[in-house]
Amino acid sequence: MTSLAEGPALDLDLFSDAALTDPFPLYRRIRDTAPAVHLPRYGAWAMGRYADVRGALGDWESFSSARGIGLNDLANAATQGMIIATDPPEHDTLRNVLAARLSPKALRDLRADIERRADELVAPLVERGSFDAVADLARAFPIMIVLDLIGLPQDGRDKVLGWADAAFSASGPPGPRTDAAFPLLQDQLAYLSGIEPGALTPGSMGRAIYDAAAQGLIKQESCVPLMSAYVTAGLDTTINAISNAVYYFAEHPEQWDLVRQDPSLIPAALNEVLRIESPLQFFCRVATRDVELDGQTLAEGSRVMMLYASANRDERKWDDPERFDVRRNPVDHLAFGYGMHGCAGQGLARLEGHSVLAALARRVARFEVGTPRRRLNQLIRGLDALPTTVHAG
Amino acid sequence: MRIIVDEARCEGYGFCAEAAPHLLELDDEGELTVLTEQVGQDERADAEAAVRVCPVAALKLAP
Ligand code: SF4
């Protein structure tokens, strides 16, 4: 292994409470040190600059997912065969099943319904005046929308979010946080394995997975991992995007005014929230050959953390990256990843995010927030509670 | 220069067509059409923008 570790190194702990609370100064040190920096604690490298991360994500032949996207062997073994941990051709077969239901075309018919449900959720909250933007809004909405779309039976739904959170955190480095999360990932898989296909709502995305297996398009053993992809990826990310939006608009009322004056800025505003506070901080890739990066050689076999959240604040790419600016419209941010593994659910996530922001923009003149409570997860950055008061208008 | 669509990867997000509406068009069926066979020098920046915004890297520029 030592031969892999030649090159710039930093003895950083990215997973302490302090680091998870505010990782951005550490990301900056990584970016400023080299294109790829060795982190001896994890036996891995970290890539933090936009151009390199994007380049690597677009080059699956050099940066493979098939050896796992996490920082510990147990999680990498447990996620084997899941779509996030595959390369073509296996990846493409699985992706087609998801894309058939998640592509913008497939989602078109859902738009009106999702917009209406956003409105029905937001209206009474605004009337109430005070609520927790995480529990009452940001969590309530995707849980209702996404779990209905997957077609999960009501029974067990209350546990799904905790499992999703753990399924991400389980891919951190070996240590107590990973140890605590890993059994929950297994619980999630056990729960999903226990669902009879017939118990999934007819016509749902979940049922479509089993239909695809029945038609021989995918292997039977791919069904539970694909279900896991839906229930894991479909929640935390959108939840954090929505609660972060409330937080940023409370802190930047002039930006909220811009959105209200011109609701066509809503997609740009969501992109900016995702850029500045990327819910998913990183996934790993493994170099399949020696790769040249700006004068540095990354050895074959190196495991590399792709720091999406760092790339999205890279001063080499973004002008004044710490500034929250809804007019920036950073369409090429990496919060959804990029390339072949780019988030398959991003169309749905966007639809949910736009619908909630639009419903808020119709009713809320000002947000006021109390002290947010952070939720510490090794891969996902987000809030656990955000006391919010809104002023209608 | 030409724009090449990897049809197996394109999922119809349409960001490319928003970035370069005179070069690319996404129809109601989610089919992406390249409107201009040969991208001229003056359209190069738009073509590059279209390639850049595709979230799944389904577009390429070829000489
Ligand atoms: S942006 Fe990419 S996925 Fe979307 S329509 Fe264009 S080529 Fe297809």
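Scroll up to find the structure this text is about.
Below: a short report on this structure. (Residues numbered from 1 in each chain as written. Chains lettered and ligands numbered in written order. Predicted model: local features only at pLDDT ≥ 70, side-chain atom pairs only at ≥ 80, totals over all residues. Heavy atoms only, no water.)

1. A few points about the overall build of chain B
Piece 1. A tally of regular secondary structure across chain B gives two helices and four strands.
Piece 2. In chain B, the succession of α and β elements from N to C terminus is β-α-β-β-α-β.
Piece 3. Taking 11 Å as the expected radius of gyration for a compact globule of 63 residues, we find that chain B reaches 10 Å, a close match to that expectation.
Piece 4. For chain B, the C-alpha atoms occupy an extent of roughly 30 × 20 × 15 Å along the three principal directions.
Piece 5. Burial analysis of chain B (63 residues in total) assigns 46% to the buried set.
Piece 6. Residue pairs in contact within chain B that sit at least 24 positions apart in sequence constitute 56% of those at least 6 positions apart.
Piece 7. When the accessible surface of chain B is totalled, it reaches about 3400 Å², and 47% of it is carbon and sulfur.
Piece 8. Between the mean site of the 5 positive side-chain charges and the mean site of the 14 negative ones, chain B shows a separation of 12 Å. (Helix = DSSP H or I, 4+ residues; strand = E, 2+ residues; numbered from the N terminus. Rg over C-alpha atoms; globule rule 2.2 N^0.38 Å. Buried < 20%, exposed > 50% of the residue type's maximum accessible area, 1.4 Å probe, protein only. Contact = heavy atoms within 4.5 Å. Areas by Shrake-Rupley, 256 points an atom, 1.4 Å probe, with all protein chains shown as cover. Lys, Arg positive; Asp, Glu negative; His and termini not counted. Charge placed at Lys NZ, Arg CZ, Asp CG, Glu CD.)

2. Here we look at the overall build of chain A
Piece 1. Across its full length, chain A carries 17 helices and twelve strands.
Piece 2. Taken over the C-alpha trace, chain A has a radius of gyration of 20 Å; the compact-globule value for 393 residues is 21 Å, and the two agree within 12%.
Piece 3. The principal-axis extents of the C-alpha atoms in chain A amount to approximately 60 × 50 × 35 Å.
Piece 4. By residue count, 60% of the 393 residues in chain A fall in the buried class.
Piece 5. Contacts spanning at least 24 positions in sequence make up 72% of the contacts within chain A whose residues lie at least 6 apart.
Piece 6. In the structure as shown, chain A presents an accessible area of about 15000 Å², 52% of it carried by carbon and sulfur atoms.

3. Some thoughts on the interface of chain A and chain B
Accessible area lost upon the coming together of the parts is a frequently used measure of interface size.
Piece 1. At the interface, 23 residues of chain A touch 15 residues of chain B.
Piece 2. At the boundary of chain A with chain B, total buried surface from both sides reaches about 1400 Å², with 48% on carbon and sulfur atoms.
Piece 3. Per-residue buried area on chain A facing chain B is highest for A:P104, A:K105 and A:Y338; these three make up 27% of the total on that side.
Piece 4. At the surface where chain A touches chain B, the tally comes to four salt bridges.
Piece 5. Seen at the junction of chain A and chain B, the total is seven residue pairs in polar contact (both at pLDDT 80 or more). (Buried area = accessible area lost by both parts, 1.4 Å probe. Salt bridge = Lys/Arg side-chain N within 4 Å of Asp/Glu carboxyl O. Polar contact = N/O pair within 3.5 Å; in protein donor to acceptor, adjacent residues only side chain to side chain.)

4. Details of the packing of aromatic side chains
Residues and elements named next belong to chain A.
Piece 1. Taken as a whole and judged by the stated rule, the model has twelve aromatic pairs over all chains.
Piece 2. Ring centres 5.4 Å apart and planes at 70° place the aromatic pair F249 and F324 in the edge-to-face group. Here F249, found in helix 13 (residues 236-251), pairs with F324, found in the loop between helix 16 (308-311) and helix 17 (346-363); they are 75 residues apart in sequence, far enough to count as distant.
Piece 3. Using a relative accessible area of 3% as the deciding quantity, one classes F324 as buried.
Piece 4. Through pairs of rings, three or more aromatic residues link up here, namely Y247, Y248, F249, W256, F324 and F367.
Piece 5. Against the face of W318 rests R275, its NZ or CZ located 5.5 Å from the ring centre.
Piece 6. Lying over the aromatic face of W318, K317 brings its terminal NZ or CZ to 5.0 Å of the ring centre. (Phe/Tyr/Trp six-rings, centres within 6.5 Å; stacked < 30°, edge-to-face > 60°. Lys NZ or Arg CZ within 6 Å of the ring centre and 35° of its normal.)

5. Focus on the environment of A:I114
All names here are of chain A.
Piece 1. With respect to the element layout, I114 can be found in helix 7 (residues 111-128).
Piece 2. The buried category is assigned to I114, whose relative accessible area is 2%.
Piece 3. Distance from I114 to W60, taken between C-alpha atoms, is 34 Å for residues 54 residues apart in sequence.
Piece 4. Ignoring anything within four residues of it in the chain, the contact list for I114 reads F141, I145, L348, L351, E352 and S355.

6. Looking at the sheet that holds strand 4 (residues 130-132) of chain A
All names here are of chain A.
Piece 1. Strand order in the open sheet formed by three strands is 4-12-9, and the pairing between neighbours is antiparallel. Looking along the sheet, the strands with just one partner apiece sit at the ends: strand 4 and strand 9 (364-369). Across the sheet, the mean angle from the axis of one strand to that of its neighbour is 30°, orientation sign disregarded.
Piece 2. Direction of pairing for strand 9 relative to strand 12 (residues 387-392): antiparallel, over a ladder of five bridges. Of the residues in strand 12, the one forming a bridge with V369 is T388.
Piece 3. Lying over the sheet, helix 8 (residues 133-150) contacts strand 4 and strand 12, oriented at roughly 65° with respect to strand 4.
Piece 4. Contacting strand 9 and strand 12, helix 13 runs over the sheet at an angle of about 95° to strand 9. (Pairing = 2+ DSSP bridges. Axes fitted to C-alpha atoms, helices over the stretch in contact; angles between N-to-C directions.)

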